[in-house]
Every structure is written in structure tokens, then in C-alpha cells.
Amino acid sequence: MHQPVSIPVGSEIARQPGRERPARWLGGAEAVAIPLLALVISAGLFSIFLLILGKSPVQFYSLIWLGGFGTPFSWSNTLLRAAPLMLMALAVAIPARLGLTMIGGEGALVLGGFAAAAIAVPLIGTTNAVLMHALMLIAAMAIGAIWIGIAGGLRHHRGVNETISSLLLSYIAIAIMNFFVEGALRDPADPNKPSTKAIGSEAMIGKMPGIDVHWGLAVAVLACILLYVLMQRTTYGFACRIAGGNARAALAQGLPVGKLIVSASMIAGLCAGLAGYFEVAAVHGKANASLAAGYGFTGILVAFLARHNPLAIIPVAILFGGIAAAGGIIQRRMGLPDASVLLLQGMTFLVLLASETLYGRFRLFNPAARMERT
């Protein structure tokens, strides 16, 4: 009688071309299904919270749809918020490929936006707008890259936990901006809210044709596509994935793990600084406390929900942009505070973290568990 023989996952039979493609498809389906399940569970838990308060969950989610996606005006608000969310999610997703948890993108956005405004102030009215924006862009991206690069350098050279260092650097960045905005660079013409001098509406970046959203959205989508190609189709991205999977094995193979950590951190900072540039050059027109709008922290949730996939970041950022855009209408019609959407986001993040334990546990998505036995 023949004894049952299991086929090892790493065997030649398991690696046959006919088996590899279904395995990839199932892995992709798992990466979509589990985050969706986390969204459904978090929505259900938040519904219970609403019922305890005597509010209607149906009305709440209907207003999210109306405020985020129901009208052309809603879509404009949604996409306006989605643009920085895409860039801030990239600032989390790229270092995550190396096993790093960078959560200090908010500081790089604020400092990058402030650097852009500080460069623009002495150039207003004296320099060509194109040259001024080029200098603003370079300053914002350089400062952002340096700021997050510091956290990467501390991790590589001193073994400092990047989660703690990037978070602390974020608070330092906000303090630096406040120091100058409330001091040397404060606009005396604006006595109410401390801010730098405005660059002027005529010098701000315009909106894309046919849509009431600035060009930062197109740049953010393009950044997601380019970074997907970088991380999935280049030797640099392959080296990052190897180093993220096992740093010791990567070092044994001669990969420059330290340089990969610092470079990935700087790429993250570039994205965050770019978001800060557009917030100044296309939204606010100046640097003030409005730059610290929480995009960096929401970007963490977007990146985790997208499984750190730059392409998946695009639809997830639009989803959470719509949720944020609906905060005002929820407050007006249901009498709930605007922070209700933040509570929903926080609950989603907790459920999403808990759902990490589900990967590989479902036989439906695990080809090895369903391997034929003969």
C-alpha cells in the first residue's frame, strides 16, 4: 500500500509553471481579501459605537458616500485630500520594504512645506514664477529627504529604533516651523494666525484641466507608478526586498544593507517633502500650522491597508480622502464631532493590525495547505 507523500513547497513540482501562476493569484487575492475583511469588521464595530450613541449607522455611511463621492464637488474635495495621502503613504511604504517602520512623514511634510515657503518669501515679485517654484520644489524635497534620512542613518549607524526616532523628529520639525513662523518669518500683515508671507494667488500652481484639483494629484499618481516600477522591476527594489526579508543573509551576499536603509529613507523623505511643497504652492499659499493636518499619520493607515504596494496606495488614498472629506457634512447633519472620522480611522488601523495574524491561515489562499497527496 502506498504511503501518503506530501509535496514540499520548495520542490520542483511546486515550482512548476502551471502551479506558480495560481499561487501568485491566490497570494494576491489574500492580500486584497484580508484588508477588505478588516474594513468590514471595523465598519461593524463603529456601527455598534454609533448605536450606543443613538445614531444611525446607515445615515453615517450614507453621508460618507455623499460627502466623499456623491457629487462633483465631493469628488474634488476627496481628490484634494487624496493627493498628499498618496505621497505620505509612499513615505511609509518604501522603507517598509526593508522592514522599517517610518512614521515621521508628518514632520518631513511640515518642514518641506516650510522650506518651500521660506525660499519663496524673498523671491516674491522679483523672480520668475517658474524659477521660484523650481527652487521651492528642490528645497522641499531636499529637506524632506534629509529629515527622514536622519532616522535611517540613526538606524544604520547607531541602531536607534526608526519608529521612535522618526516620530520624535516629526515633533521637532513642527517646533522648528512654529519657531520661525511665529518669529523671524511671521507676516506682520496677518495678526490673527501666525504664518509666512503669502506667495500670492497669481504665483500658485493652477488646477488640472476639467477637474477642480491641483497638479499635485497627477504628480502623486505618477510617483506611485514610478516607485512601483522601482521596487518591483529593478535590482534596487529586489535588493531592498532581500534586505527586508533577512538582513543577515543580505549582508552575507554582499548587499549594502546600510546604504539601502538610508537611501530608502531618503526616498520616503522626498515624497513627504513633495507633499509639503504642494500644500504650500497649490493649497495654502504660505506656511502655517495648517501644514500639520495629520496627513502623515493617516498615510500610515493607507500604506498598511495597501500592504505597502505603491499601486494599491492610489485607490486606498482616495477612499480615505473621501472619508476625511465627509467629516464636515457628518458634523452638520448628525451632530457628531468632526473627529468621528478620525475615530473610524483609528479603529480601522487597530483591526488591520490584528488581521496581520490571519495571513497564511486560510486554506483557500494557501496552495501548500491544499497540495495533493498521493
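It should be emphasised that the depicted structure is a prediction, and the values quoted were computed from it without experimental measurement.

Draft legend 1. Molecular detail of the environment of A129. Locating A129 in the fold gives a position in helix 5 (residues 129–158). Separated by 76 residues in sequence, A129 and I205 have C-alpha atoms that sit 9.7 Å apart.

Draft legend 2. Examining a nonpolar patch on the surface more closely. A cluster of nonpolar side chains, L37, I41, L45, I48 and I52, forms an exposed patch at the surface whose accessible area comes to about 460 Å². Tracing the sequence through the fold places I41 in helix 1 (residues 17–52).

Draft legend 3. Layout of the pattern of salt bridges. Scanning all chains against the criterion turns up three salt bridges. Taking the shortest distance from any N to any O, the salt bridge between K207 and D212 comes out at 2.4 Å. Under the relative-accessibility criterion, K207 is labelled exposed at 53%. For E356, the salt bridge identified is with R307, shortest N-O distance 2.8 Å. Of this pair, E356 sits in the segment after helix 14 (340–355) while R307 is found in the loop between helix 11 (295–305) and helix 12 (310–325), placing the two residues 49 residues apart along the sequence. By relative accessible area, which is 31% here, R307 ends up partly exposed.

Draft legend 4. Here's a closer look at the packing of helix 7 (residues 216–233) against helix 8 (residues 235–245). The contact between helix 7 and helix 8 brings their axes to 5 Å, and the two run at 65°. For the element pair helix 7 / helix 8, the angle class is roughly perpendicular. Together, L230, M231 and Q232 of helix 7 and Y236, G237, F238, C240 and R241 of helix 8 make up the contact between the two elements. For the contact of helix 7 with helix 8, a count of residues per class yields five nonpolar, two polar and one charged.

Draft legend 5. Up close: helix 12. The first and last C-alpha atoms of helix 12 sit 22 Å apart over 16 residues, in line with the 22 Å expected at 1.5 Å per residue. When helix 12 is considered as a whole, its buried residues turn out to be P310, I313, I314, V316, A317, I318, F320, G321, G322, I323 and A325. For helix 12, the secondary structure elements touched by its buried residues are helix 2 (57–69), helix 3 (72–96), helix 7, helix 11, helix 13 (327–334) and helix 14. Among the residues of helix 12, the N-terminal cap falls to N309, whose side-chain oxygen and the backbone nitrogen of L311 are separated by 2.9 Å.

The rules behind the values
- Residues numbered from 1 in each chain as written.
- Predicted model: local features only at pLDDT ≥ 70, side-chain atom pairs only at ≥ 80, totals over all residues.
- Heavy atoms only, no water.
- Helix = DSSP H or I, 4+ residues; strand = E, 2+ residues; numbered from the N terminus.
- Patch = residues over 30% accessible without salt bridge, like charges linked within 9 Å, V, L, I, M, F, W, Y side chains within 5 Å.
- Areas by Shrake-Rupley, 256 points an atom, 1.4 Å probe, with all protein chains shown as cover.
- Salt bridge = Lys/Arg side-chain N within 4 Å of Asp/Glu carboxyl O.
- Buried < 20%, exposed > 50% of the residue type's maximum accessible area, 1.4 Å probe, protein only.
- Axes fitted to C-alpha atoms, helices over the stretch in contact; angles between N-to-C directions.
- Parallel < 35°, antiparallel > 145°, perpendicular 65-115°, else oblique.
- Contact = heavy atoms within 4.5 Å.
- Nonpolar A, V, L, I, M, F, W, Y, C, P; charged D, E, K, R; others polar.
- Expected span 1.5 Å × (residues − 1).
- Polar contact = N/O pair within 3.5 Å; in protein donor to acceptor, adjacent residues only side chain to side chain.

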